[in-house]
Amino acid sequence: MKLRKLVLVCLSIGLMQGADIRLNDAPANSFQDAFERGLIYGHAGLLFQQSIDKAPTYGDINLSLGYESRRFMGYKFGAEMWLIPKLYEGVANDFRKSQTYFEMSQLYADYYNQYERFGGTIGRFRMDEEWITHFNEGLSLSYDQVPNLSLAFAWSLRNAYITPYFSQNYKVFGEYQSGKVGKWTGGAFYLRAKLSIPQAPITLTPYIYLVPDFFVAPGLKGELDLPITKRILFKGMIHLTSYVELNDQRKAFNSSGGGIIWAEGGVDMSWIRIGAGIINTPKGGAIYIDGFGQKTPFERADGVFYYNATTPYVFVSADLWKYVSLYGAFRTSILDSQSVLNWEARMDITPIQNVRMGISALGVSNPTQAPSKFGQNLGSYMIFRGYVEYHF
């Protein structure tokens, strides 16, 4: 009983830090035991969003409830749902521009063979690959039996972006973007290998990302984690991707070839991380590559992967006194004669265990035709948020 309480406390702390929900994988005695000793988790929160210009203003109650069984004979199962009732909205339809009332975010079966180091998940579940993130409906496979090498395959039929501050139901590829040309109902395919160089702080990740009727994007990502002192770590990254359009209607815009050249560097200290980077896309761009997710330092990457775009950026994050976390980032995406400006800032406070409260703000100035994953291009706007959440 004491051990189970300790596991539950650790999971609650992980929730507050934004960690993935995972049980202790100690094996259960039977399927009945696995389900009986599973974990019920969730959260209840209040969100208030005030916007300037065309972005939505609203308040809501956001609730989530999930369950994850223990593992037996390699198998475990899970489910999760979100309910987001509206409190108020600034004008009609403001709430629906940023939130959805209900979604079954997870419903999955998971298998892992600890001896062969092979596993897979099917259903609705979280993915965290380079271009496929958040909740996805599909299949993932992994294999890491070979030393210093891991292999993974992911297929996402539909993707859902669900957070306390913004949520969209499961959609097929192409439905997220404004200014889209068609949509693809067969899903996105991602295959990658991750190689850790022995005796060196370097990791190489070659991959291929394919969305039929949209694009194929082979890429290579190199990461460096170099200790400078006992408390200072230099983190560097170079990411190269080719982007080839597969849709006849859009090939004219991509005739010169597209892709991404991305470099980033920064230092991690015991309580603060500071970094900067630059992302360049040639004339052909990589306009839809972030349709199912992206890993820039920004919530909204409008314009970053547009045609002939260059985006320098900076970011900083800090943890103060173990109760306060701060984050800030700024970028400008230069597109020919126009530019997209974007900044964001956030402060989270954890006054007591399982309770998080905070404020955040972001601003976007987008006079271009670059599409947005967050609905219609709103031009210039600012969003201010206040929130409080209880996790269990």
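What you see is a predicted model; the values in this text were computed from it and never measured.

A few points about the overall build of the protein chain
The secondary structure content of the protein chain amounts to three helices and 20 strands. Relative to its 392 residues, the protein chain shows a buried fraction of 48%. Summarising the internal contacts of the protein chain: among those between residues at least 6 apart in sequence, 57% fall at separations of at least 24. Surface summary for the protein chain: the accessible area is close to 18900 Å², and the carbon and sulfur share equals 63%.

Remarks on the confidence of the model for the protein chain
Looking at the protein chain as a whole, the pLDDT averages 90, with 90% of positions reaching at least 70. Below pLDDT 50 for its whole length, residues 1-22 participates in 24 contacts with residues either more than four positions away or in separate chains.

Quick word on the pattern of salt bridges
The full count for this structure, using the stated rule, is 18 salt bridges. Here Arg117 makes a salt bridge to Asp144, at a shortest N to O gap of 3.4 Å. Here Asp144 lies in the loop between strand 7 (135-143) and strand 8 (149-162) and Arg117 lies in the loop between strand 5 (102-113) and strand 6 (118-126), a separation of 27 residues in the sequence. Here Asp268 and Arg273 are joined by a salt bridge, their closest N and O atoms 3.1 Å apart.

Observations concerning the packing of aromatic side chains
Across all of its chains, the model carries 22 aromatic pairs by this definition. An angle of 80° between the planes, with centres 5.5 Å apart, marks the rings of Trp131 and Phe305 as edge-to-face. Placement of the pair is Trp131 in the loop between strand 6 and strand 7 and Phe305 in the loop between strand 15 (272-281) and strand 16 (309-320), with a sequence separation of 174 residues. Across the pair, exposure class does not vary: Trp131 and Phe305 are buried alike.

Some details on the pairing of strand 12 (residues 215-227)
Here strand 11 (residues 202-211) runs beside strand 12; their pairing, made up of 10 bridges, is antiparallel. Considered in strand 12, the bridge of Leu204 is made with Gly222. Linking strand 11 to strand 12, which pair antiparallel, is a turn of three residues; within it Asp213 sits at a positive phi near 75°. Strand direction decides the pairing type here: strand 12 and strand 13 (residues 233-245), joined by 11 bridges, are antiparallel. Paired with Asp225 across the bridge in strand 13 is Lys235.

A few points about the side chain of Arg70
Within the element layout of this structure, Arg70 appears in the loop between strand 2 (58-68) and strand 3 (75-83). Within the structure, the side chain of Arg70 is placed 3.3 Å from the backbone oxygen of Arg37, a separation counted as a polar contact.

Re the nonpolar core
In a soluble, globular protein the nonpolar side chains are often hidden away together inside. Judged by nonpolar contacts, the single largest core of 39 residues is most densely connected at Trp131, Tyr209, Phe215, Ile289 and Phe305. Those residues in contact with Phe215 that sit more than four places away from it in its chain are Phe173, Tyr209, Leu210, Tyr243, Val244, Glu245, Leu246, Tyr288 and Ile289.

Quick look at a nonpolar patch on the surface
A grouping of Ile40, Leu65, Met81, Leu83, Tyr101, Phe102, Tyr390 and Phe392 is seen on the molecular surface, where their side chains present a nonpolar patch of about 730 Å² in accessible area. In this structure, Tyr101 sits in the loop between helix 3 (94-98) and strand 5.

Brief notes about the environment of Ser105
Assignment of secondary structure puts Ser105 in strand 5. Ser105 sits in the buried class, given a relative accessible area of 0%. A sequence separation of 56 residues divides Ser105 from Tyr161, and the C-alpha atoms of the two residues are 9.2 Å apart. For Ser105, the residues in contact, after removing those within four places along its chain, are Glu80, Met81, Trp82, Arg124, Phe125, Phe135, Ile162 and Tyr170.

Here we look at the environment of Phe214
Looking at the element boundaries, Phe214 is found in the loop between strand 11 and strand 12. Considered as a pair, Phe214 and Asp248 are 34 residues apart in the sequence and their alpha carbons are 9.2 Å apart.

Concerning the pairing of strand 15
Direction of pairing for strand 14 (residues 258-268) relative to strand 15: antiparallel, over a ladder of eight bridges. The residue of strand 15 that forms the bridge with Ala263 is Ile278. Count of turn residues in the strand 14/strand 15 antiparallel hairpin: three residues. Pairing of strand 15 with strand 16, which is carried by 10 bridges, proceeds in the antiparallel orientation. Its bridge partner lying in strand 16, Ile279 is registered against Thr311.

The rules behind each value
Residues numbered from 1 in each chain as written. Predicted model: local features only at pLDDT ≥ 70, side-chain atom pairs only at ≥ 80, totals over all residues. Heavy atoms only, no water. Helix = DSSP H or I, 4+ residues; strand = E, 2+ residues; numbered from the N terminus. Buried < 20%, exposed > 50% of the residue type's maximum accessible area, 1.4 Å probe, protein only. Contact = heavy atoms within 4.5 Å. Areas by Shrake-Rupley, 256 points an atom, 1.4 Å probe, with all protein chains shown as cover. pLDDT = per-residue confidence, 0-100. Salt bridge = Lys/Arg side-chain N within 4 Å of Asp/Glu carboxyl O. Phe/Tyr/Trp six-rings, centres within 6.5 Å; stacked < 30°, edge-to-face > 60°. Pairing = 2+ DSSP bridges. Polar contact = N/O pair within 3.5 Å; in protein donor to acceptor, adjacent residues only side chain to side chain. Core = buried A, V, L, I, M, F, W, Y, C linked by side-chain atoms within 4.5 Å. Patch = residues over 30% accessible without salt bridge, like charges linked within 9 Å, V, L, I, M, F, W, Y side chains within 5 Å.

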